[in-house]
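# Secondary and tertiary structure notes
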Amino acid sequence: DAGVTQSPTHLIKTRGQQVTLRCSPKSGHDTVSWYQQALGQGPQFIFQYYEEEERQRGNFPDRFSGHQFPNYSSELNVNALLLGDSALYLCASSWPQGRPYNEQFFGPGTRLTVL
Amino acid sequence: QKEVEQNSGPLSVPEGAIASLNCTYSDRGSQSFFWYRQYSGKSPELIMFIYSNGDKEDGRFTAQLNKASQYVSLLIRDSQPSDSATYLCAVNMGDTGRRALTFGSGTRLQVQP
């Protein structure tokens, strides 16, 4: 049973550029959440997708956008990159509504460096 | 006020001892509580979750929840050097995975051989 997968593993961009990160959830999961983790901090919630719609959003600007595809995979897009966007970007997946367990499982993350 | 608070550490314990990690949260509506372990440069790994007041044991790990005091803890018995990592406490305001997790900043645990 494959776990949550993310690509790419590492990415280096320059200020002002745009980036797309990808995530595939665990088998059976339909909900994908994205988190940003700065060095020395806990993960911060960006947004969550299920049924191909953004359902919740954290305190992040509109430069951060996403998408969910019919196969439940998801993308995170960041426009007009800033130095402060350098972080580990984590994708987490969880079960559909109504399942007895509500744990979120994380992928390996994408390390984004903005120069 | 931070929503989920943890002592940043480092918490240093000798091999074989009990490590006690603590977490407090501010929202009384919180329903689900999680402990993740994160090794340096890696992603968080779920090790325990608890929904009801009291203790929940899984191998060397025990999670304890006291909703009246808004307090959750993780005990690690017979600590091993491989337990050295940052432990993240996370809180879910609902009872479904379709809610955001709010994390503390983590406690760094060092187990001395």
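Residues numbered from 1 in each chain as written. Chains lettered and ligands numbered in written order. Predicted model: local features only at pLDDT ≥ 70, side-chain atom pairs only at ≥ 80, totals over all residues. Heavy atoms only, no water.

## A word on the overall build of chain A
To be explicit about the condition: Helix and strand assignments come from DSSP, with helices taken as H or I runs of at least 4 residues and strands as E runs of at least 2, each series counted from the N terminus. For the radius of gyration, the atoms used are the C-alpha atoms, and the globule rule reads 2.2 Å times the number of residues raised to 0.38. Only protein chains enter the area calculation, which uses a 1.4 Å probe; residues under 20% of their type maximum are buried, those over 50% are exposed, and those in between are partly exposed. Any two residues whose heavy atoms approach within 4.5 Å at even a single point are treated as in contact. For every accessible area listed, the method is Shrake-Rupley and the probe measures 1.4 Å; residues are considered covered only by the protein chains on display. Residues counted as positive are Lys and Arg, residues counted as negative are Asp and Glu, and His and the chain ends are not counted. By convention, the charge on Lys lies at NZ, on Arg at CZ, on Asp at CG and on Glu at CD.
Within chain A one finds zero helices and 11 strands. Reading the helices (α) and strands (β) of chain A from amino to carboxyl end gives β-β-β-β-β-β-β-β-β-β-β. For 115 residues, the compact-globule estimate of 2.2 N^0.38 gives 13 Å, and the C-alpha radius of gyration of chain A, at 14 Å, lies within 12% of that figure. Taken along its principal axes, the extent of the C-alpha atoms in chain A is 45 × 25 × 25 Å. Residues counted as buried form 49% of the 115 residues belonging to chain A. Contacts spanning at least 24 positions in sequence make up 54% of the contacts within chain A whose residues lie at least 6 apart. For chain A, the exposed area adds up to about 5,500 Å²; of that, 49% sits on carbon and sulfur atoms. Here chain A contributes 9 positively and 10 negatively charged side chains, and the mean placements of these two sets differ by 9 Å.

## Brief notes about the overall build of chain B
Helices and strands together make up the secondary structure of chain B, namely zero helices and 11 strands. In sequence order, the secondary structure elements of chain B are arranged as β-β-β-β-β-β-β-β-β-β-β. For 113 residues, the compact-globule formula gives about 13 Å, and the C-alpha radius of gyration of chain B, at 13 Å, lands near that figure. Here chain B holds 113 residues, and 46% of them are scored as buried. Intrachain contacts of chain B at a sequence separation of at least 6 include 55% that bridge at least 24 residues. Entry remark: accessible area of chain B is about 5,200 Å², with carbon and sulfur atoms responsible for 44%. Taken together, the 11 basic and 11 acidic charged side chains of chain B have centroids lying 5 Å from each other.

## Some thoughts on the pattern of salt bridges
Charged atoms that come close allow side chains of opposite charge to pair. Residue and element names in this part refer to chain B. Where we set the bar: Each reported salt bridge corresponds to a side-chain nitrogen of Lys or Arg within 4 Å of a carboxyl oxygen of Asp or Glu.
For the coordinates displayed, the defined rule picks out seven salt bridges over all chains. Between glutamate 45 and arginine 37 there is a salt bridge, with its nearest N and O atoms 3.0 Å apart. Owing to a relative accessible area of 12%, arginine 37 belongs among the buried residues under this scheme.

## Side note on unusual backbone geometry
Glycine aside, residues mostly have negative phi angles, and peptide bonds mostly take the trans form. Here the residue pair A:Ser7 and A:Pro8 is connected by a cis peptide bond, since its omega of -10° sits within 30 degrees of zero. The residue after B:Gly9, namely B:Pro10, is reached through a cis peptide bond having omega 10°. Within the chain, A:Glu52 stands out as a residue other than glycine whose phi angle is a positive 65°. With respect to the helices and strands, A:Glu52 occurs in the loop between strand S5 (44–50) and strand S6 (53–57). We classify A:Glu52 as partly exposed; its relative accessible area is 44%. Positive phi outside glycine occurs at B:Gln70, with the angle close to 55°.

## Overview of the sheet that holds strand S3 (residues 19–25) of chain B
Residues and elements named next belong to chain B. Definition in use: By the convention used here, strands pair only if DSSP detects at least 2 bridges between them.
Judged by pairing direction, the sheet is antiparallel, and its five strands sit side by side in the order S1-S3-S8-S7-S6 without closing on themselves. A single partner strand is all that each edge strand has here, and the edge strands are strand S1 (4–5) and strand S6 (54–58). Alignment of S6 against strand S7 (residues 61–66), held across five bridges, turns out to be antiparallel. The residue bridging glycine 54 from the neighbouring strand is leucine 65, located in S7.

## Observations regarding the environment of A:Leu76
Residues and elements named next belong to chain A. Take leucine 76: it is sitting in strand S8 (residues 74–78). In this structure, the C-alpha to C-alpha distance between leucine 76 and proline 43, residues 33 residues apart in sequence, is 15 Å. Setting aside its immediate chain neighbours within four residues, leucine 76 contacts Val19, Thr20, Leu21, Trp34, Ile46, Phe47, Phe64, Ser65, Gly66 and Tyr89.

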